Amino acid sequence: MSESNAEAVASAVASATEAATEAAAGGWRRTTGLAGVAIGVVAAGAAAGVAIERLTVGRGMRQKARLALDSAGPYGGLRGTPGKAYADDGTELYYEVDDVEPAAESALTRRRRRLFGRKAPAPVTVVFSHGYCLNQDSWHFQRAALRGVVRTVHWDQRSHGRSARGVSQGRDGAPVTIEELGRDLRAVLDAAVPEGPIVLVGHSMGGMTVMALADAYPDLVRERVVGVALVGTSSGRLGEVNFGLPVAGVNAVRRVLPGVLKALGQRAELVEKGRRATADLFAGIIKRYSFASRDVDPAVARFAERMIESTPIDVVAEYYPAFNDHDKTEALAHFADLPVLVLAGVRDLVTPSEHSEAIAGLLPEAELVLVPDAGHLVMLEHPELVTDRLADLLARAGAVPAAATVEGYGSTSSTAGPG
């Protein structure tokens, strides 16, 4: 970004956030559009402003394109056996299980018997935790590739996807904490994986959830976890992330955003109208903060947009403070003796790859994979690479035989058909 563009971004950020603050004080109808911009930024996981590229396609055409992608997009349609777990505050957490196909089971049993020494070992279960403003479908390509090869559990974090609104948040107005998410994951494990070895996979906030689980339940990790994958995540110091913005822009956003979000969360119905009114801008923001490649399949970009835009503004608001408070660096020590994959996009503006490098620095035996042409949603942007490295981790952890083949995840290039 050039210096002049950086100054323009900083100015735009300051103006937008100040206007949103004014809206919170009473000028709601006058600034609904700006509120929608702010919501789109936060929902994209950026928590910052962004330079807006000039729109060159007619609004009606763009609306028709979105409808066509919504009707034809093949992503996010995989479903498994549903189940429910209950958090310690009573929140209902939704999960789905994909079981191993019988043909694959005999080979897996032989492999696990050598590793775990049991005559009839419980299958290794891979548990996927998604990120902020996403849901379990964000793992679509990895789920498709592993389907039938290994037992998997995909769950929706509280107030996301098919899980219920957090009871502590809806009833008591309490903000979400990363520690609470770690306890939620434990509830899902107790319900969906009551026995047997586990591989934990987490993206972004999901990786933080995995760290919180380890921090609160080190015995569980020691006794049952046989592998960990941390994708595009951080163990702390998220308050220092600049989101690709100049210092002035970052400071402006950080100064007003917590109060703006709180106020907007209290006027959710009006703000959601603003989000719909700024759908074109919203899509541009999501693409900037989710992907780095120029040739991402439009259907994949729209798939990500649908997941993010489905997160209500009050949920966005109640999660936001948790990230600045997040620090689970010491919890990483519980993974020191395990096979660990640390993977990130080099051009991730939300959780920069330097955070993954810091995690790997504390886990010398971990495999560190940095993907040059990738943003925050690397598992959607480069599914082949992510799935290949995940498959290797599962082989090292004994979840699949070393010679097992995973396939069917396809390509997200705009020049290729969906997988």
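Above this text is the structure in question.
Sequence order as written defines the numbering, with residues in each chain counted from 1. Owing to the predicted nature of the model, reporting of local features is limited to residues with pLDDT of at least 70; listing and counting of side-chain atom pairs is limited to 80 or more, with chain, interface and lining totals taken over all residues. With hydrogens and water set aside, each side-chain value is computed from the structure's full complement of heavy atoms.

> Describe empty space enclosed by the protein, listing the residues and the values that go with them.
Using a grid of 1 Å spacing that covers the protein atoms alone, one calls a set of points a cavity when a 1.4 Å probe fits there but cannot get out, and a pocket when the set is open and has protein on both sides within 12 Å along at least five of seven lines; lining residues are those with an atom within 4 Å of a point. Grid points are joined across faces, edges and corners, and a volume is the space filled by probe spheres set on the points. One pass over the full model with this rule turns up one cavity of 30 Å³ or more. Its volume calculated, the largest cavity comes out at about 30 Å³. Surrounding the largest cavity, Gly76, Gly77, Leu78, Gln136, Asp137, Trp139, His140 and Arg143 form its lining. Polar here means any residue outside two lists: the nonpolar Ala, Val, Leu, Ile, Met, Phe, Trp, Tyr, Cys and Pro, and the charged Asp, Glu, Lys and Arg; Gly therefore counts as polar. Of the residues contributing to the lining of the largest cavity, the split by class is two nonpolar, four polar and two charged.

> Now, about a nonpolar patch on the surface: what can you tell me, with residues and values included?
There is a patch of nonpolar side chains on the surface, built from Val346, Leu368 and Leu370 and spanning about 200 Å² of accessible area. The way it works is that DSSP assigns letters per residue, a run of H or I at least four long becomes a helix, a run of E at least two long becomes a strand, and they are numbered from the N terminus. Within the secondary structure layout, Leu368 lies in strand 8 (residues 367-371). We classify Leu368 as partly exposed; its relative accessible area is 35%. Within this analysis, patches are made of residues with over 30% relative accessible area and no salt bridge. Like charges are joined at 9 Å or less; nonpolar side chains (Val, Leu, Ile, Met, Phe, Trp, Tyr) at 5 Å or less. Note that accessible areas follow from Shrake-Rupley with a 1.4 Å probe, and for residues the cover is restricted to the protein chains shown. Salt bridge, as applied in this entry: a Lys or Arg side-chain nitrogen positioned within 4 Å of an Asp or Glu carboxyl oxygen. For every residue, the accessible area (1.4 Å probe, protein chains only) is compared with the maximum for its type, and the residue is labelled buried under 20%, exposed over 50%, or partly exposed between those bounds.

> Go over the pairing of strand 3 (residues 125-129), please, and point to the residues and values.
Most of strand 3 is tucked away: five of the five residues are buried. Residue alternation in strand 3 divides its side chains into two sets, Thr125, Val127 and Ser129 and Val126 and Phe128, and both sets are buried. Only strands that DSSP links by at least two bridges are regarded as paired with each other. Sheet topology note: the strand 3/strand 4 (residues 151-155) ladder contains five bridges and is parallel. Within the sheet, the bridge partner assigned to Thr125 lies in strand 4 and is Arg151. Across five bridges, the pairing between strand 3 and strand 5 (residues 198-203) is parallel. When the sheet's bridge partners are listed, Thr125 is paired in strand 5 with Ile198.

> Residues and numbers for unusual backbone geometry, please.
Backbone geometry places Cys133, a non-glycine residue, at a positive phi of 65°. Note on Cys133: relative accessible area 0%, which makes it buried. The backbone of Arg237 shows a phi angle near 65°, a positive value even though the residue is not glycine. Along the chain, Arg237 falls in the loop between strand 6 (225-231) and helix 10 (247-265).

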